[in-house]
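Summary of the model geometry
So the chains spell out like this:
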Amino acid sequence: MAYPYCSECKGTKAMCGQDHCPLLADVRGRASLPKLSGRSLQGPSPPSVFVGRFGYPRITIGPLASPAPLPMAERLEDPSFLNALGLEEVYSIRSSLVRGRSRLDVRTAKADPLGGSEPLMEVEDRLGIGKRRILSSIQEMSMSSRSMDAEMISRKDLKVMAPIPSLDMIMMPMGPSIDMLTLKVIDNPRIPRPVDRAVSDTDMIANEGVLELYREGIREEHISRLFSVGLLGGGRRRRLVPTRWSITAVDDTLSKQLKERALGLTPLDCYHLYSCSSFGNHFLIALYPPPFRFEMAEQWQKGSLWGEGDVIHDWEGPRGRTGYADAITGAYYAARLSTVDHLLSIGRNAGATVIRWITDEYWAPLGVWVIREALRKAFLTPPRLFNDRASLIQAIDASCGIRNWRRSTRFLGPLEDMTLDRYI
Amino acid sequence: MFPKGTGHTMFEITVKSEVLRNVFSILTPITGEIKLVADKDGWRVRAVDPAHVAMVDLELSYGAFEDYNVEPLELGLNVERLLDHLKSAKADEEIMMKLDQDNRMIVSMSNLTLKFPLVDSSGFSDPKVPNLSLPVSLKLNSAELQKGLKASQSISDYLTFNCTEDKLVITSTEDLSSMTLELKKGSEYIEEKFEGTAKSSFSLDYFSQLMKGVGTNRDIMLHIGNSYPLKIEFEFSDGLGKVRYLLAPRIESA
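From a predicted model like this one, the values you see are computed outputs, not experimental measurements. (Residues numbered from 1 in each chain as written. Chains lettered and ligands numbered in written order. Predicted model: local features only at pLDDT ≥ 70, side-chain atom pairs only at ≥ 80, totals over all residues. Heavy atoms only, no water.)

Here the amide bond leading from A:Pro46 into A:Pro47 is cis, since omega sits at 0 degrees, within 30 degrees of zero. Structurally, A:Pro47 can be placed in the loop between strand S1 (40-45) and strand S2 (49-51). Even without a glycine there, the phi angle at A:Asn404 is positive, about 60 degrees. Looking at the element boundaries, A:Asn404 is found in the loop between helix H13 (389-399) and strand S16 (415-417). For A:Asn404, a relative accessible area of 46% puts it in the partly exposed group. Phi at B:His52 is positive, roughly 65 degrees, even though this residue is not glycine. Mapped onto the secondary structure, B:His52 falls in the loop between strand S3 (42-48) and strand S4 (54-61). (Helix = DSSP H or I, 4+ residues; strand = E, 2+ residues; numbered from the N terminus. Buried < 20%, exposed > 50% of the residue type's maximum accessible area, 1.4 Å probe, protein only.)

Looking now at the environment of A:Arg389. Within the element layout of this structure, A:Arg389 appears in helix H13. For A:Arg389 and A:Leu231, which are 158 residues apart along the polypeptide, the C-alpha to C-alpha distance reads 46 Å. Residues contacting A:Arg389, with those up to four places away along its chain left out, are A:Tyr271, A:Phe411, A:Leu412, A:Gly413, A:Leu415, A:Glu416 and B:Ser253. A polar atom in the side chain of A:Arg389 sits 2.7 Å from the backbone oxygen of A:Phe411. There is a polar contact of 3.5 Å between the side chain of A:Arg389 and the backbone oxygen of A:Leu415. (Contact = heavy atoms within 4.5 Å. Polar contact = N/O pair within 3.5 Å; in protein donor to acceptor, adjacent residues only side chain to side chain.)

With that settled, consider the domain arrangement of chain B. Residue and element names in this part refer to chain B. Partitioning chain B into structural domains gives domain 1 (11-117) and domain 2 (136-247). Placing the centre of domain 1 and that of domain 2 at their C-alpha centroids yields a distance of 28 Å. Between domain 1 and domain 2, the residue contacts involve 20 residues of the former and 16 residues of the latter. At the boundary of domain 1 with domain 2, total buried surface from both sides reaches about 1500 Å², with 59% on carbon and sulfur atoms. Broken down residue by residue, the surface that domain 1 buries against domain 2 is led by Ile26, Pro29 and Asp57, which jointly contribute 32%. There are one salt bridge connecting domain 1 and domain 2. (Domains from an automatic or database assignment. Buried area = accessible area lost by both parts, 1.4 Å probe. Salt bridge = Lys/Arg side-chain N within 4 Å of Asp/Glu carboxyl O.)

Turning next to the domain arrangement of chain A. Residues and elements named next belong to chain A. Under the domain assignment used here, chain A contains domain 1 (29-185), domain 2 (193-262) and domain 3 (266-423). A C-alpha centroid distance of 25 Å is found between domain 2 and domain 3. Considering only the surface of domain 2 that becomes buried against domain 3, Asp251, Lys259 and Ala262 emerge as the three largest contributors, covering 39% of it. The tally of links from domain 2 across to domain 3 stands at five salt bridges. Arginine 372 is the salt-bridge partner of glutamate 220, the closest N and O atoms lying 3.6 Å from each other.

Residues and elements named next belong to chain B. You can see aspartate 41 is positioned in the loop between strand S2 (33-39) and S3. According to the relative accessible area criterion, aspartate 41 is partly exposed, its value standing at 45%. Counting along the chain gives 21 residues from aspartate 41 to tyrosine 62, while the straight-line C-alpha distance between them is 5.5 Å. When residues no more than four places from it in sequence are discounted, the contact partners of aspartate 41 are Leu60, Ser61 and Tyr62.

Right, let's get into the pairing of strand S11 (residues 294-300) of chain A. Residues and elements named next belong to chain A. Within S11, seven of the seven residues are buried, leaving the element largely enclosed by the surrounding structure. Across the two faces of S11 the burial is the same, with Phe294, Met296, Glu298 and Trp300 and Glu295, Ala297 and Gln299 all buried. Pairing between S11 and strand S12 (residues 312-316): five bridges, direction antiparallel. Residue pairing for S12: glutamate 295 is matched across the bridge by tryptophan 315. One ladder, built from seven bridges, connects S11 with strand S14 (residues 351-358); its direction is parallel. Among the inter-strand pairings, phenylalanine 294 is bridged to a residue of S14, identified as alanine 352. (Pairing = 2+ DSSP bridges.)

Let's shift gears to the interface of chain A and chain B. Think of interface size as the accessible area that goes away when the parts come together; that is how it is often given. Contacts between chain A and chain B engage 20 residues on the former and 30 residues on the latter. Buried surface at the junction of chain A and chain B, summed over both partners, amounts to about 2100 Å²; 59% is from carbon and sulfur atoms. Our count for the contact surface shared by chain A and chain B stands at four salt bridges. Taking the shortest distance from any N to any O, the salt bridge between A:Asp417 and B:Arg250 comes out at 3.3 Å. Our enumeration of links across chain A and chain B arrives at twelve residue pairs in polar contact (both at pLDDT 80 or more). Looking at the side of chain A that touches chain B, the elements with two or more residues in it are H13 and S16 of chain A. Residue contributions to the side of chain A that touches chain B peak at three residues, all from S16(A).

On to the side chain of A:Ser246. All names here are of chain A. For serine 246, the position within the fold is in helix H10 (residues 243-262). Within polar-contact distance, the side chain of serine 246 engages the backbone oxygen of threonine 243 at 3.0 Å. Those residues within four positions of serine 246 in sequence are excluded, and the remaining contacts are Ser224, Phe227, Ser228 and Val241.

A word on the sheet that holds strand S5 (residues 148-153) of chain A. For sheets, the rule is that strands pair by backbone hydrogen bonds, running either parallel or antiparallel. Residue and element names in this part refer to chain A. Strand order across the open sheet formed by three strands is S1-S5-S7, with antiparallel pairing between neighbours. Pairing within the sheet leaves two strands with one partner each, and these edge strands are S1 and strand S7 (182-185). Between one strand and the next, the sheet's axes are offset by a mean angle of 20 degrees, whatever the strand orientation. The sheet contact formed by S1 and S5 spans six bridges and is antiparallel. Bridged to serine 40 within S5 is isoleucine 153. Packed on one face of the sheet, helix H6 (residues 129-143) meets S1, S5 and S7 and runs near 35 degrees to S7. (Axes fitted to C-alpha atoms, helices over the stretch in contact; angles between N-to-C directions.)

On to the packing of aromatic side chains. Residues and elements named next belong to chain A. Using the criterion set out here, one finds 19 aromatic pairs over all chains in the structure. Ring geometry for tyrosine 91 against tryptophan 363: centres 5.7 Å apart, planes inclined by 80 degrees, an arrangement best described as edge-to-face. Within this pair, whereas tyrosine 91 is found in helix H4 (residues 87-95), its partner tryptophan 363 is found in the loop between S14 and helix H12 (369-380), the two being separated by 272 residues in sequence. The class of tryptophan 363 is buried, set by a relative accessible area of 14%. Taking the centre distance of 6.1 Å and the plane angle of 75 degrees together, the rings of tryptophan 315 and phenylalanine 411 count as edge-to-face. (Phe/Tyr/Trp six-rings, centres within 6.5 Å; stacked < 30°, edge-to-face > 60°.)

With that settled, the discussion passes to the nonpolar core. Soluble, globular proteins show a tendency: their nonpolar side chains are buried together. Judged by nonpolar contacts, the single largest core of 195 residues is most densely connected at B:Phe11, B:Trp43, B:Leu168, B:Phe207, B:Leu222 and B:Ile232. Ranked by the residues each element gives to this core, the list is headed by helix H11 (residues 330-346) of chain A, at eight residues. Leaving out residues up to four positions away in the same chain, B:Leu168 has contacts with B:Leu138, B:Phe161, B:Asn162, B:Cys163, B:Leu181, B:Glu182, B:Leu183, B:Tyr189, B:Leu222 and B:Ile224. With 17 residues, the next largest nonpolar core counts A:Leu273, A:Ile355, A:Leu392 and A:Trp405 among its residues. (Core = buried A, V, L, I, M, F, W, Y, C linked by side-chain atoms within 4.5 Å.)

Dropping the structure here:
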């Protein structure tokens, strides 16, 4: 049973009063899960790690590894590969990754090259040698660009573990989790040079590190993985960051910083309309003359994961936004990143409206990479071009899956923002 | 052109902290970093916000300074940071600003001295100022506008100014809610020029920022056109400082 507010809650706000989202539970039941036995699990990891958010600042952390050999383990965290599969396949292949769990304080990640800081000692003293090893193994895996075999040993027999896959709107799906006593990394990592540089620079603030890596061609997944295991930023300020937060944080800081550059580009002087579909997510993206503004409207429709919901909307004017995009959440930042990326690649400053509607094909959440990749794909095809705003709006009317989309736009409504440049 | 502040150019001024605070708090709503153009007559700053929606043009005559010893030059300054530092100074405290041999700015206030490098201003473009002729000019106190601003925050994201022969009506509407502020000629404002009705809409976010720069109780001149930029002019420090703000409109599209 879906409620009208399910699309706003997305399994995270318990708006229906139930602790565990019944809709997600239903989807979980459809996963084909790996069979486990014995107390240890050894197998390839893409690499992939997960940092939980419950119990913050004492969170759980661990790698994801498959109990069975996987020929393309490396690609299980690669959106361009996953994007080419069907939703069913993505869901089942990702559910085969078992997640290890070890509890750590987020401050454990503090790196102090000079050593001897009081609070750091305190945290570390309470930390057994085993836990310290687990963290450094996870960090080593996170830096690698190729898959690595890992061995996790649990206290209990794995067969009795509750086989519950993890699902979330922001993260990629994951298989069941097991409590992890020790973690051994079997292969050597392959560490891209920019990653090595950013990780060892304990004077560089995290925002700079993230941008630097992105410009060197490191994918967001890898950057947010490094960010989440506390390998970026000023040494003493490094923390473990829940995966869910780190994905949005990376999308946010990248698009914010790249936007500053887009502001100085030549103003777009016509209207562009792009479209694309991916896993039952349909998009229209309109670009129009500056000032820079960004908005996103989305509607979950009948049969989609959250059932039929109202149109939800988040936006920011030329001065940007300070609060979190509450309604759309992570997808907003993912869409903003792809859009700003595109502005830089065409060398134009523009405003943008992203419209997303989700149909019944999207029955399991795959993570915000779906949005990022879909928009990238959309921007690869030549846009429909219009000379005036009215024709753009008509074209959206004709192809938009959200009736009444006009009610939820701030920038394509009756008032149009101007810049001072137009009066010179 | 002026020398770009290379070598050792003379720049040494003493000024009451209140004057500097005025200058910086007028500039910060537009941008955090500015290019200050200084010569024997005084200071001038022209800056546009990153999105090119609002602009400031500020002049401060040398007469506003206690002591003024300046060769023509351009300086890149982080005004946001300076404004922060000035918060600790009393209004009539004297502030000394000076450029040292290494091109660092030295700011001293009583027994506190700050030194910091200049911001690289070579990338700052000189914004072109649109030449606007606007049909309506009104003189009023900024306090008259503040109350309408406050009320509209919770209603919408834009304001519409509608000026007819005997009144200025400011509205903000969304769905079923609205805010209307009515100002009458002769009581709340003085008409300086009226060449026909004027109606324009503006981003509330930007307008509130500019009003922060204007301050709560200042006589301002408001120039309004028809779906055209807004101009706000005012003076500070006994007329020795002059400010012009421009704000691009939101226009009704066909």
